[in-house]
Amino acid sequence: MIMSRTLLVVFGMLFCTAAQAEVDKHARNLAASCSACHGTDGNSEGGMPVLAGLDKALFVNQMKDFKSGARPATVMHQHAKGYTDEEYELLADFFSAQKRH
Amino acid sequence: MSFSRRDFLKASAAGIVIGAFPGLAFASSELIKKKGQRVVVVGGGFGGATAAKYIRKWSNNKIEVVLIERNPMFISCPMSNTVLGGGRTIDDLTMSYDELKKKYGIKLVKGEVTAIDPEKQTVMLANGHLKYDRLIVSPGVDFMYDKVEGLNESVANISITHAWKAGAQTVLLRKQLEAMPDGGVFAISIPKGPYRCPPGPYERACQVAHYFKQNKPKSKVLILDANPDIVSKKGLFMAAWNELYPGMVEYRPNALVSKVDVASKTAKTEFDDVKADVLNVLPPMKAGAVADMAGLANVDGRWCGVDFLTYESKVHKGIHVIGDAVSAALPKSGHMATSQAKVCAAAVIELMQGKQPDQNPTIANTCYSMVSGNEAVHVANVYRFNVEKQAMVAAEGGGVSAKRSELEGAFAGYWLKNILNDVLL
């Protein structure tokens, strides 16, 4: 009992960030549609940009720049326009928490 | 469908054996004993393989997944038109299912489903049955040969192909083009929508023209479209035909092919008879045959109505349908099938754990089309769940490429690599 409780606490501390990222399943689900181009959990293997581990602020700014047209794009302006600013934050949370392979 | 006399004899022989051993009267054994919670997925295409992988991944391997697939290998339909143009071989598009087994512990059953019993939550195969808690059906499309007089599956396999499922027919069509004399005609017939891969036929016209331009410059590409206009990326395809293949591609709208003559490779429309050297007829399409087994195709008898929060069938609780077979104002594409599969996978896990599924699914789709050896165009949209309509509706801001480009030609290749990895690795 005591043992397992200690373990729980330790695990809880260790996996705090991972657990939080896991909790927001809506963010995970939103991000899942991006992987056709950006790879599973943002780990692209081709020439598409890797999103896993991308800095949150940078990520959100890129999305806003795609939407406004400040950053020219072949396709991302059209995807970015489909999501809200709040969803950019959720997506940024999710991808920044993914390990780069 | 190709049930031969020999198969019939075998089956009736089996019947006699079963009759002789009443203990086997249920005619089959449980192929894999069901212990814990289990999802059975029928069909290992883009939709089914993705659903299988993501249920394992997102349930931390807690839910057992059995994937039933009849083909030994996965062959990508997206980008298979480039086999006709010469940019890829069919081997470049072929992948194994092994990693789904090894990495995710998915149990792969090679075979064909013969019946579904929604009450007993059982699927039947020729050699046994499987029990499930939830069933995901991802049957793709089947072809309505009876809508085109003279056409049937064996004709398609050896002469007038559709090549609308990548594989042997794709390779045959390429060989037919190679064998054709310069100055000949390639004709493609497009059925009324909805059909699998809206821009696909126009991409195919580009790929065949690309091959002709290099090898048979006096030849012609004739598009017989049953629809009143080009269904997808109209301006981009017309620009490609006019600028890259001037005088080579002819487009005829409202040209519904209702009959073919196999010997003379002639397609009959309401207005005239079109004789071709290579004739490629896409028959009208409907949900794959597995959908019929449980009466899932409740829309026009062709497509399957679903709840877009879960992809649960409108006909049977506990059975979900994803991919091309779904009735929706959504493009029937590989990317769309994977996007639907993930919404479905997430919802199935929640439902099995007694929780509420995501109430605001938002998914993306992109279709790249190769218009030459190295240039592509795309159409991209985000679709959001609309509560009033209880449907997925395109968000503002989607659209097509500004122009064809080599950059997008490269992106199309990267897309293929990443989506195949996302589905199978």
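Structure: above.
Nothing here was measured: the structure is a model prediction, and the numbers come from that model.

A. Summary view of the overall build of chain B. When you go through chain B residue by residue, the secondary structure sums to 11 helices and 23 strands. Here the C-alpha atoms of chain B give a radius of gyration of 22 Å, agreeing with the 22 Å that 2.2 N^0.38 yields for 425 residues. A total of 425 residues make up chain B; the buried ones form 57% of that total. Considering only residue pairs separated by 6 or more positions, chain B has 67% of its internal contacts joining residues 24 or more positions apart. On chain B, roughly 17,400 Å² of surface is accessible, and the fraction owed to carbon and sulfur atoms is 54%. Here chain B contributes 51 positively and 41 negatively charged side chains, and the mean placements of these two sets differ by 5 Å.

B. Examining the side chain of His335(B) more closely. Locating His335(B) in the fold gives a position in helix H10 (residues 334-352). Judged by relative accessible area, which is 2%, His335(B) ranks as buried. Residue contacts for His335(B): discarding those within four places in its chain leaves Ser33(A), Ala36(A), Ala364(B), Asn365(B), Thr366(B), Trp415(B) and Ile419(B).

C. Spotlight on the sheet that holds strand E14 (residues 259-261) of chain B. All names here are of chain B. Across the sheet, 3 strands lie side by side as E14-E15-E16; this open sheet has antiparallel pairing. The open sheet has two edge strands, E14 and strand E16 (273-275), and neither has a second partner. Neighbour-to-neighbour, the strand axes of this sheet turn through a mean angle of 20°, independent of strand direction. Note: strand E15 (residues 266-268) against E16, 3 bridges, orientation antiparallel. Across the sheet, the residue bridging to Ala267 is Val274, located in E16.

D. Region of the structure containing the interface of chain B and chain A. Contacts between the two partners involve 40 residues from chain B, matched on the other side by 30 residues from chain A. Carbon and sulfur atoms supply 49% of the area buried between chain B and chain A, which totals about 2,700 Å² over both sides. Between chain B and chain A we count 3 salt bridges in total. A salt bridge links Lys57(B) to Asp41(A); its shortest N-O distance comes to 2.7 Å. One can count 22 residue pairs in polar contact (both at pLDDT 80 or more) joining chain B with chain A. Within the residue set of the side of chain B that touches chain A, elements represented by two or more residues are helix H2 (46-58), H10, strand E20 (362-370), strand E21 (376-386), strand E23 (399-400) and helix H11 (406-424) of chain B. When residues in the side of chain B that touches chain A are grouped by element, the largest group, 10 residues, is from H11(B).

E. Representation of empty space enclosed by the protein in the model. Here the structure, examined in full by the defined rule, presents 3 cavities of 30 Å³ or more. Estimates place the volume of the largest cavity at around 110 Å³. If you trace the largest cavity, you find 14 residues lining it, with Asn29(A), Val343(B), Pro361(B), Thr362(B) and Ile363(B) closest to the centre. When residues of the lining of the largest cavity are traced back to their parent elements, those giving at least two are helix H3 (25-32) of chain A together with H10 and E20 of chain B. In the lining of the largest cavity, the residues fall into 7 nonpolar, 5 polar and 2 charged. There is about 70 Å³ of room inside the second largest cavity. Lining the second largest cavity are 14 residues; nearest its centre among them are Ala31(A), Ala32(A), Ser35(A), Asp41(A) and Phe94(A). At the level of secondary structure, the elements contributing two or more residues to the lining of the second largest cavity comprise H3, helix H4 (35-38) and helix H7 (85-96) of chain A together with H2 of chain B. Sorting elements by how many residues they give to the lining of the second largest cavity places H3(A) first, with 3 residues. Residues of the lining of the second largest cavity, tallied by class, amount to 7 nonpolar, 5 polar and 2 charged.

F. Structural context of the state of the cysteines. One pass over the structure, following the stated rule, counts 0 disulfides over all chains. Cys34(A) provides the cysteine sulfur closest to Cys37(A), a residue in no disulfide bond, and the two sulfurs are 8.8 Å apart. The exposure class assigned to Cys37(A) is buried, which follows from its relative accessible area of 11%. You can see Cys367(B) has no disulfide; the closest cysteine sulfur is in Cys197(B), sitting 5.9 Å from it.

G. Broad picture of the sheet that holds strand E8 (residues 128-131) of chain B. Residue and element names in this part refer to chain B. As summarised here, the arrangement of the 3 strands in space is E6-E7-E8, forming an open sheet in which the pairing is antiparallel. Each edge of the open sheet is held by one strand with a lone partner, namely strand E6 (113-117) and E8. Mean inter-strand twist for the sheet, computed between neighbouring axes without regard to direction, equals 20°. Examined bridge by bridge, E6 and strand E7 (residues 122-125) share 4 bridges and lie antiparallel to one another. The residue bridging Ile116 from the neighbouring strand is Val123, located in E7.

H. Structural detail: the packing of aromatic side chains. Scanning the entire structure with this criterion turns up 15 aromatic pairs over all chains. Ring geometry for Tyr211(B) and Phe212(B): centres 6.0 Å apart, planes at 50°, overall tilted. No difference in accessibility class separates Tyr211(B) from Phe212(B), as the two residues are buried. What links up through ring pairs into an aromatic cluster is the set Tyr202(B), Phe237(B), Trp241(B) and Tyr251(B). Over the face of the ring belonging to Trp58(B) we find Arg28(A), whose NZ or CZ atom lies 3.8 Å from the ring centre. Positioned above the aromatic ring of Trp303(B), the side-chain terminus of Lys332(B) is 4.0 Å from the ring centre.

I. Seen up close, the side chain of Ser401(B). Residue and element names in this part refer to chain B. Within the secondary structure, Ser401 is located in the loop between E23 and H11. Of note is the side chain of Ser401, whose polar atom sits 2.7 Å from the backbone nitrogen of His378. Residue contacts for Ser401: discarding those within four places in its chain leaves Leu236, Val377, His378 and Glu408.

J. Region of interest: H11(B). If you check H11(B), its first and last C-alpha atoms are 27 Å apart, about what 19 residues at 1.5 Å a residue would give, namely 27 Å. Between a side-chain oxygen at the N-terminus of H11(B) and the backbone nitrogen of Glu408(B) the separation is 3.0 Å; the capping residue is Ser405(B).

Thresholds applied
Residues numbered from 1 in each chain as written. Chains lettered and ligands numbered in written order. Predicted model: local features only at pLDDT ≥ 70, side-chain atom pairs only at ≥ 80, totals over all residues. Heavy atoms only, no water. Helix = DSSP H or I, 4+ residues; strand = E, 2+ residues; numbered from the N terminus. Rg over C-alpha atoms; globule rule 2.2 N^0.38 Å. Buried < 20%, exposed > 50% of the residue type's maximum accessible area, 1.4 Å probe, protein only. Contact = heavy atoms within 4.5 Å. Areas by Shrake-Rupley, 256 points an atom, 1.4 Å probe, with all protein chains shown as cover. Lys, Arg positive; Asp, Glu negative; His and termini not counted. Charge placed at Lys NZ, Arg CZ, Asp CG, Glu CD. Pairing = 2+ DSSP bridges. Axes fitted to C-alpha atoms, helices over the stretch in contact; angles between N-to-C directions. Buried area = accessible area lost by both parts, 1.4 Å probe. Salt bridge = Lys/Arg side-chain N within 4 Å of Asp/Glu carboxyl O. Polar contact = N/O pair within 3.5 Å; in protein donor to acceptor, adjacent residues only side chain to side chain. 1 Å grid on protein atoms, 1.4 Å probe; cavity = no way out; pocket = protein on both sides within 12 Å on 5 of 7 lines; lining within 4 Å. Points joined across faces, edges and corners; volume = space filled by probe spheres on them. Nonpolar A, V, L, I, M, F, W, Y, C, P; charged D, E, K, R; others polar. Disulfide = S-S within 2.5 Å. Phe/Tyr/Trp six-rings, centres within 6.5 Å; stacked < 30°, edge-to-face > 60°. Lys NZ or Arg CZ within 6 Å of the ring centre and 35° of its normal. Expected span 1.5 Å × (residues − 1).

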